[in-house]
Amino acid sequence: MTITTLMQYTIKLISHTQAPLDLLLEADPSVEKINAYLPHSHCYAAITSINQICGLYVLTPHSSNTIELMNLAVYPDHQKQGIGTTLLKHAIQTARSRHYHTLTLGTGIFGYQLPFYQSLGFTPTYSIPNYFLNHYSKIIYESGKQHHHMTCLSYSLE
Ligand SMILES: CC(C)(COP(=O)(O)OP(=O)(O)OC[C@H]1O[C@@H](n2cnc3c(N)ncnc32)[C@H](O)[C@@H]1OP(=O)(O)O)[C@@H](O)C(=O)NCCC(=O)NCCS
């Protein structure tokens, strides 16, 4: 018999200085890019009952109307337990409560992330060819396949 223990966690606004770099790098492998957006972003973390961060998301305002989900990550040993879904729904609520009209994000054109975002209401709007080749010094792989292009998605908060 398999016994599954559901982990308890709460989602809290944290200072960007508290965001663990190793977790941020799970979603965005560029330290330079992270350091560029993090200081002027809103960072929320899922924190366990023993006060450990198990996941986070980062929202970066671009204008008075538009805010972007720049980072969403859950530590590998906590994935597939619903934390990412809860964080993404929380991000939508946060963006709405801060009176933005549109929540955007960018992701690869293949992989489980794209259907994950679409299942929660994000719609692909346009693609940027060779984005990952042109903007990252490291090659980004997903299940052994190289990412080249980025899909931009948006969620209407109105
Ligand atoms: C994307 C991510 C935040 C999802 O977090 P999570 O806690 O695993 O999410 P959930 O448990 O709510 O699952 C969401 C969906 O993703 C799928 N999923 C999660 N991890 C997966 C994995 N490693 N491989 C395949 N599918 C995966 C789940 O099966 C689920 O799909 P379903 O609803 O059809 O069953 C997490 O996988 C992660 O941190 N990945 C690495 C960083 C990353 O890619 N971030 C997004 C950048 S665009």
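- Under an unreviewed UniProt entry, the protein chain has the name Putative N-acetyltransferase YvbK and belongs to Poriferisphaera corsica.

### Let's talk about the site of the ligand
Piece 1. What surrounds the ligand is a group of 17 residues, the closest being Val74, Gly82, Gly84, Thr85 and Tyr112.
Piece 2. Contacts to the ligand include Gln79, whose side-chain N or O atom sits 3.4 Å from an oxygen atom.
Piece 3. At 2.8 Å, a backbone N or O of Gly82 approaches an oxygen atom of the ligand.
Piece 4. More than half of the atoms belonging to the ligand lie within 2 Å of the grid points that define the largest pocket.
Piece 5. Those elements that provide at least two residues to the shell around the ligand are helix H1 (21–27), strand S4 (66–74), helix H3 (83–97) and helix H4 (113–119).
Piece 6. Taken together, the residues of the shell around the ligand sort by class into 8 nonpolar, 7 polar and 2 charged.

### Structural notes on the nonpolar core
Piece 1. Tyr57, Leu69, Leu103, Tyr117 and Phe122 are the most contacted members of the largest nonpolar core, which totals 25 residues.
Piece 2. Those elements giving two or more residues to this core turn out to be strand S2 (42–48), strand S3 (53–61), S4, H3, strand S5 (102–108), H4 and strand S9 (150–156).
Piece 3. Among the elements that make up this core, the one with the highest residue count is H3 (6 residues).
Piece 4. For Phe122, the residues in contact, after removing those within four places along its chain, are Leu88, Ile92, Leu103, Leu105, Tyr117, Leu153, Ser154 and Tyr155.
Piece 5. If you look at the next biggest cluster of nonpolar residues, it comprises 14 residues, including Ala19, Leu24, Ala45 and Ile47.

### Re unusual backbone geometry
Piece 1. The phi dihedral of Asn51 falls on the positive side, at around 65°, and the residue is not glycine.
Piece 2. Residue position: Asn51 is located in the loop between S2 and S3.
Piece 3. According to the relative accessible area criterion, Asn51 is exposed, its value standing at 63%.
Piece 4. Residue Asn130 is not a glycine yet carries a positive backbone phi of 60°.
Piece 5. Among the residues examined, Asn130 registers a relative accessible area of 28% and is labelled partly exposed.

Rules used throughout
- Residues numbered from 1 in each chain as written.
- Predicted model: local features only at pLDDT ≥ 70, side-chain atom pairs only at ≥ 80, totals over all residues.
- Heavy atoms only, no water.
- Near = heavy atom within 4 Å.
- Polar contact = N/O pair within 3.5 Å; in protein donor to acceptor, adjacent residues only side chain to side chain.
- 1 Å grid on protein atoms, 1.4 Å probe; cavity = no way out; pocket = protein on both sides within 12 Å on 5 of 7 lines; lining within 4 Å.
- Sits in = over half its atoms within 2 Å of the grid points.
- Helix = DSSP H or I, 4+ residues; strand = E, 2+ residues; numbered from the N terminus.
- Nonpolar A, V, L, I, M, F, W, Y, C, P; charged D, E, K, R; others polar.
- Core = buried A, V, L, I, M, F, W, Y, C linked by side-chain atoms within 4.5 Å.
- Buried < 20%, exposed > 50% of the residue type's maximum accessible area, 1.4 Å probe, protein only.
- Contact = heavy atoms within 4.5 Å.

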